[in-house]
Amino acid sequence: MTYNRRSFVVVAVVFCLMCFFADCSPAAQSGGSSRRALLIVDVQNCFTGNGSLSVSGGEEVIPVINRIREKHAEQFGVVAVTQDWHCVDHVSFASQHLRHRDPYDVVNLTYLLPTGQLCRSDDLQKNYTVACNPTPDSKTSLVRQVLWPDHCIENTQGAELHSRLHVNATDIVIKKGNACHIDSYSAFTDIGNFRETELKEKLRSRSVDSVFLVGLALDYCVFYTAKDAKRLGAT
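Summary of the structure given here. All of these numbers come straight from a predicted model, not from anything done at the bench.

**Brief notes about the pattern of salt bridges**
Opposite charge on two side chains allows them to pair when their charged atoms are near. Evaluation of the coordinates by the stated rule reveals 9 salt bridges. Glu 59 is the partner of Arg 164 in a salt bridge, and the nearest nitrogen-oxygen pair spans 3.5 Å. With a gap of 105 residues between them, Arg 164 in the loop between β7 (139-146) and β8 (172-176) and Glu 59 in the loop between β2 (36-41) and α1 (61-71) connect regions that are remote in the sequence. Taking relative accessible area as the criterion, Arg 164 reaches 44% and is therefore assigned partly exposed. Judged by relative accessible area, which is 29%, Glu 59 ranks as partly exposed.

Structure representation (structure tokens):
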């Protein structure tokens, strides 16, 4: 069955508090606002308005996020902004698959362990794939991949943050999905958990213990970012 996430995403905003990296005691949170981060997920042209993977009503999150920043600026010591940032022939694009060319089809991709290299197949033959010859000692991992329309291609207008989103020079900017051979919904890691982004270390180095999430889209990038925050130590 064709899976279309656009059919049930309306306005994808979540605003939630989670204790980060495990210690939620009052003493651990005595640092106040300096230890809280606002994480703004993927508010980009490609996911809003007439974007190539537009979320219905997606632009409605922008004034909400801007108001949070303006009215509660003192509550956040850190603000991080993420961008989906794909190469032109990214593995998640339906257009790059020889046998599965319809957006929202689902395929299983095979990756070598522990390196996370993508195995070449009849369906996908790119210079970022490798020949995988199974041996008794080799280990692989199957990763479920939804195929999307081409979107958020690096260094294009579609990948840029929406012009009405308030962004400051001091904000941390995290680009994700920028490895051609693996997708990334979460701001923390790719979908195979092979490689982390720099976000965890940037938050940890600033002693962040609480994260508030806002952005697009609730069922994918916001959801998996929250889920990975929990996996990495949130309680």
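**Some words on the nonpolar core**
Among the nonpolar cores identified, the biggest contains 47 residues, and Leu 38, Leu 39, Ile 40, Leu 199 and Leu 203 are the most heavily contacted of them. Where this core is concerned, the elements lending two or more residues are β2, α1, β3 (78-84), β8, α2 (199-205), β9 (210-215) and α3 (218-231). Within the second largest apolar cluster, 12 residues are counted, among which are Ala 94, Val 107, Val 143 and Ala 179.

**Digging into the state of the cysteines**
Applying the stated rule across the entire model yields 3 disulfides. Two residues, Cys 87 and Cys 180, share a disulfide whose sulfurs are 2.2 Å apart. You can see Cys 87 sitting in the loop between β3 and β4 (106-113) and its partner Cys 180 sitting in the loop between β8 and α2, a full 93 residues away along the chain. Under the relative-accessibility criterion, Cys 180 is labelled partly exposed at 22%. Cys 119 shares a disulfide with Cys 132; S-S distance 2.0 Å.

**A short note on the environment of Tyr 111**
Structurally, Tyr 111 is set in strand β4. According to the relative accessible area criterion, Tyr 111 is buried, its value standing at 0%. Residues Tyr 111 and Leu 142, spaced 31 residues apart in sequence, show a C-alpha to C-alpha distance of 6.4 Å. Excluding anything up to four places from it in sequence, Tyr 111 contacts Val 91, Gly 116, Gln 117, Leu 118, Cys 119, Lys 139, Thr 140, Ser 141, Val 143, His 181, Ile 182 and Phe 194. A polar atom in the side chain of Tyr 111 sits 2.6 Å from the backbone oxygen of His 181.

**Overview of α3**
Taking the largest bend as the criterion, α3 deviates by roughly 25°, centred on Tyr 224. Restricting attention to buried positions, one finds in α3 the residues Asp 219, Tyr 220, Cys 221, Val 222, Thr 225, Ala 226, Asp 228 and Ala 229.

**Some points on the packing of aromatic side chains**
Using the criterion set out here, one finds 9 aromatic pairs in the structure. Ring plane angle 80° and centroid distance 5.0 Å describe the contact between Phe 223 and Tyr 224, whose orientation is recorded as edge-to-face. A relative accessible area of 29% means that Tyr 224 is categorised as partly exposed. Among the aromatic residues, ring-to-ring pairing joins Tyr 104, Trp 148, Tyr 185, Tyr 220, Phe 223 and Tyr 224 into one connected group. Geometry around Trp 85 places Lys 175 over its ring, the cationic atom sitting 4.6 Å from the centre.

Rules used throughout
- Residues numbered from 1 in each chain as written.
- Predicted model: local features only at pLDDT ≥ 70, side-chain atom pairs only at ≥ 80, totals over all residues.
- Heavy atoms only, no water.
- Salt bridge = Lys/Arg side-chain N within 4 Å of Asp/Glu carboxyl O.
- Helix = DSSP H or I, 4+ residues; strand = E, 2+ residues; numbered from the N terminus.
- Buried < 20%, exposed > 50% of the residue type's maximum accessible area, 1.4 Å probe, protein only.
- Core = buried A, V, L, I, M, F, W, Y, C linked by side-chain atoms within 4.5 Å.
- Disulfide = S-S within 2.5 Å.
- Contact = heavy atoms within 4.5 Å.
- Polar contact = N/O pair within 3.5 Å; in protein donor to acceptor, adjacent residues only side chain to side chain.
- Bend = angle between axes of the 7 residues up to and from the residue.
- Phe/Tyr/Trp six-rings, centres within 6.5 Å; stacked < 30°, edge-to-face > 60°.
- Lys NZ or Arg CZ within 6 Å of the ring centre and 35° of its normal.

Bear in mind that shape data such as this cannot, by itself, settle questions of function.
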